[in-house]
Amino acid sequence: MKYIIIGLGNFGASLSEKLTKMGNEVIGVDMNMSKVEAIKDKITHAVNLDSTDITAVSSLPLKDTDVVIVGIGEDKGANIMSTALMKQLNVKRLISRAVSPLQEMVLEAMGVDEIIHPEEETAERWAKKLNLHGVVDSFEVNRDYSIIETEVPAEFDGRTLEDIGLKRKYDIIVLTTIKITREKNEIGTDRDVSTVQGVASAKTILHKFDIMVLYGHNKNLKRLLKDQER
């Protein structure tokens, strides 16, 4: 996977390094030369440029990049402007950082569906989530076992957990399911709302676009996700 991370503060730098160690190509961007110098030997590429300047960011390989992450924290204006430019340039997948409820509302109004809250979510957690295709969120129980959230695939729609047999086939337990609905926030912008459906049982029926919360060994979870890609 190829990532561009804009903003190399504590969160952006940490995420850049972790994704690089996982074998991804990472381009880190910051207008502060000292931050670029500090990380240039730890990631694939580090670039010193102004991410609010459309001419400057147009020089980045945006069309070949899988995910662009705007991790600027302190300068909210630069965060909003950089995010707006990425939307304008139609990057494949855009994730932006919010440090206040108002900033989050502005990002939602701009159509940004994936928002990072670094004060609540660690760079390590986001690195693992981004590195596993199909994972909405993840939580490491220990080195071998994890809890992950993944979208219900189309072939599971309308079927029960007993019928699908994830425990039988993969030794994976479905802890619960989460229903995703759309509602408007305070400024009238649509946003996803998650509702936990309670402890799952063999008779729980799955629905496309809802979320399954799975527990299992990392190798079995990866095997399931790989099979779902086929």
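In case you missed it, the structure is sitting above this.
Residues numbered from 1 in each chain as written. Predicted model: local features only at pLDDT ≥ 70, side-chain atom pairs only at ≥ 80, totals over all residues. Heavy atoms only, no water.

## Points about the packing of aromatic side chains
Here is step 1: With the rule as written, the count across this model stands at one aromatic pair.
Here is step 2: Their ring planes at 20° and their centres at 5.7 Å tell us that Tyr 145 and Tyr 215 sit as a pair that is stacked. Linking Tyr 145 in strand 8 (residues 145–151) with Tyr 215 in strand 11 (residues 211–217), this pair joins segments that are 70 residues apart in sequence.
Here is step 3: For Tyr 145, a relative accessible area of 31% translates into the label partly exposed. (Phe/Tyr/Trp six-rings, centres within 6.5 Å; stacked < 30°, edge-to-face > 60°. Helix = DSSP H or I, 4+ residues; strand = E, 2+ residues; numbered from the N terminus. Buried < 20%, exposed > 50% of the residue type's maximum accessible area, 1.4 Å probe, protein only.)

## Let's talk about the pattern of salt bridges
Here is step 1: Scanning the entire structure with this criterion turns up six salt bridges.
Here is step 2: Its salt-bridge partner being Lys 2, residue Glu 25 comes within 3.7 Å of it at the nearest N-O pair. Of this pair, Glu 25 sits in strand 2 (residues 25–30) while Lys 2 is found in strand 1 (residues 2–6), placing the two residues 23 residues apart along the sequence.
Here is step 3: One salt bridge connects Glu 37 with Lys 40, and the closest N-O pair in it is separated by 2.9 Å. (Salt bridge = Lys/Arg side-chain N within 4 Å of Asp/Glu carboxyl O.)

## A closer look at the nonpolar core
Here is step 1: In terms of nonpolar packing, the biggest core is built from 21 residues, with Ile 4, Ile 6, Val 68 and Met 86 touching the most fellow members.
Here is step 2: When residues of this core are traced back to their parent elements, those giving at least two are strand 1, strand 2, helix 3 (54–57), strand 4 (67–70) and helix 4 (76–88).
Here is step 3: The biggest single contributor to this core is helix 4, with three residues.
Here is step 4: Once residues within four sequence positions are removed from consideration, Met 86 is found in contact with Ile 6, Val 57, Leu 62, Val 68, Val 70, Val 91 and Leu 94. (Core = buried A, V, L, I, M, F, W, Y, C linked by side-chain atoms within 4.5 Å. Contact = heavy atoms within 4.5 Å.)

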